[in-house]
Amino acid sequence: MMFTKTLGLAALFSTIVSALPQEMVRRSGIVRRDGGGVTITNNLSQDVYAWSVAGDVGPMQTISGNGGTYSETWRTNPNGGGISIKLALEPEQIGVLQFEYTEAGDTIFWDMSCIDMQSGSNKFTDQGFSVVPSDETSTCPTAICKAGDTACSAAYLQPTDDHATHGCPIDTALDLFIGQS
């Protein structure tokens, strides 16, 4: 009986491991294979700096100005909670715009947050930003903060702005545009 249980567990473990991509486990989280994720396009004339934060802060990525991109497949936070992609105009995490997401079964919940940006106007709000599903037939909502809208209701401006959280099927691919395209 014990041998059967052990063999069954070994077979289950082998099946799970064989289904994982080679880079499934990273220091900053577990990568999903469902095809969903986010692509950030920087339409500003200057570089934008990005950090993907799960339990630990990932390495800084530079998103070149005038059309540079950064992509990330949906991940889970090994410590629980969500993932935050922090975007800044300088190579420090100061005055950040955040794209945040959390997996909950077959749903990815996401939002844009301006809470950690410096109050008032900056290039993110001066030029606007938007999140749209890459599949136009998607049931996933969009979030658009037009250029100059410092009070955009599509993004968190304070911690209680729960109306700015959106849910989409886990395989949804989202495009985040910083600035006008």
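- An unreviewed UniProt entry lists the protein under the name Genomic scaffold, ProqFM164S03, from Penicillium roqueforti.

1. Some details on the sheet that holds strand β14 (residues 173-178)
Phase 1 of the analysis: Sheet architecture is open: 5 strands sit in the order β6-β3-β14-β11-β12, paired in mixed fashion. Of all strands in the sheet, those bounded by a partner on one side alone are β6 (68-73) and β12 (143-145). When strand polarity is set aside, the average angle formed by the axes of neighbouring strands in this sheet is 15°.
Phase 2 of the analysis: Here strand β11 (residues 129-133) runs beside β12; their pairing, made up of 3 bridges, is antiparallel. Bridge pairing links S130 to I144 in β12.

2. Notes on the nonpolar core
Phase 1 of the analysis: Grouped together as the largest cluster of nonpolar side chains are 35 residues, with contacts concentrated most on I40, I85, L87, F99, W110 and F124.
Phase 2 of the analysis: Mapped by element, the contributors of at least two residues to this core are β3 (37-42), β4 (48-53), β8 (83-88), β9 (97-104), β10 (107-113), β11, β12 and β14.
Phase 3 of the analysis: For F99, the residues in contact, after removing those within four places along its chain, are V38, W74, I83, S84, I85, W110, D111, M112, V131, L174 and L176.
Phase 4 of the analysis: If you look at the next biggest cluster of nonpolar residues, it comprises 5 residues, including Y49, W51, V53 and V96.

3. Section: the state of the cysteines
Phase 1 of the analysis: A full pass over the atoms with the stated rule returns 2 disulfides.
Phase 2 of the analysis: Each sulfur of the disulfide joining C140 and C168 lies 1.7 Å from the other. Here the S-S torsion is close to 50°, and the disulfide linking C140 with C168 is therefore right-handed. Of this pair, C140 sits in the loop between β11 and β12 while C168 sits in strand β13 (residues 166-169), placing them 28 residues apart in sequence. Here the two residues C140 and C168 agree in accessibility, since each one is buried.
Phase 3 of the analysis: For the protein, the bonded cysteines connect in the pattern 1-4, 2-3 when numbered consecutively along the sequence.

4. Some points on the confidence of the model for the protein
Phase 1 of the analysis: In this model, the protein carries a mean pLDDT of 82, and residues with pLDDT of at least 70 account for 78%.
Phase 2 of the analysis: Note on residues 1-28: pLDDT is under 50 here. Beyond four places in sequence and across chains, it has 12 contacts.

The rules we used
Along each chain, residue indices are assigned from 1 in the same order as the chain's sequence is written. Whole-chain, interface and lining totals are the exception, using all residues; otherwise, since this is a predicted model, local features are given only for residues with pLDDT of at least 70 and side-chain atom pairs are given and counted only at 80 or more. Side-chain calculation: all heavy atoms of the structure are included, whereas hydrogens and water are not. Should DSSP find at least two bridges between two strands, the strands are taken to pair. Helical segments are the DSSP runs of H or I of at least four residues, strand segments are the runs of E of at least two, and each set is numbered from the N terminus. Think of each axis as a best-fit line through the C-alpha atoms, taken over the contacting stretch in the case of a helix, with angles from 0 to 180 degrees between the N-to-C directions. The nonpolar core is taken to be a set of buried Ala, Val, Leu, Ile, Met, Phe, Trp, Tyr and Cys residues, with the residues joined through side-chain atoms within 4.5 Å. When a residue's accessible area, from a 1.4 Å probe over protein chains only, is under 20% of the maximum for its type it is buried; when over 50% it is exposed; and in between it is partly exposed. Here, residues are in contact when the closest pair of their heavy atoms is within 4.5 Å. Here, the term disulfide refers to a pair of cysteine sulfur atoms separated by no more than 2.5 Å. Think of pLDDT as the predictor's per-residue confidence, scored from 0 to 100.

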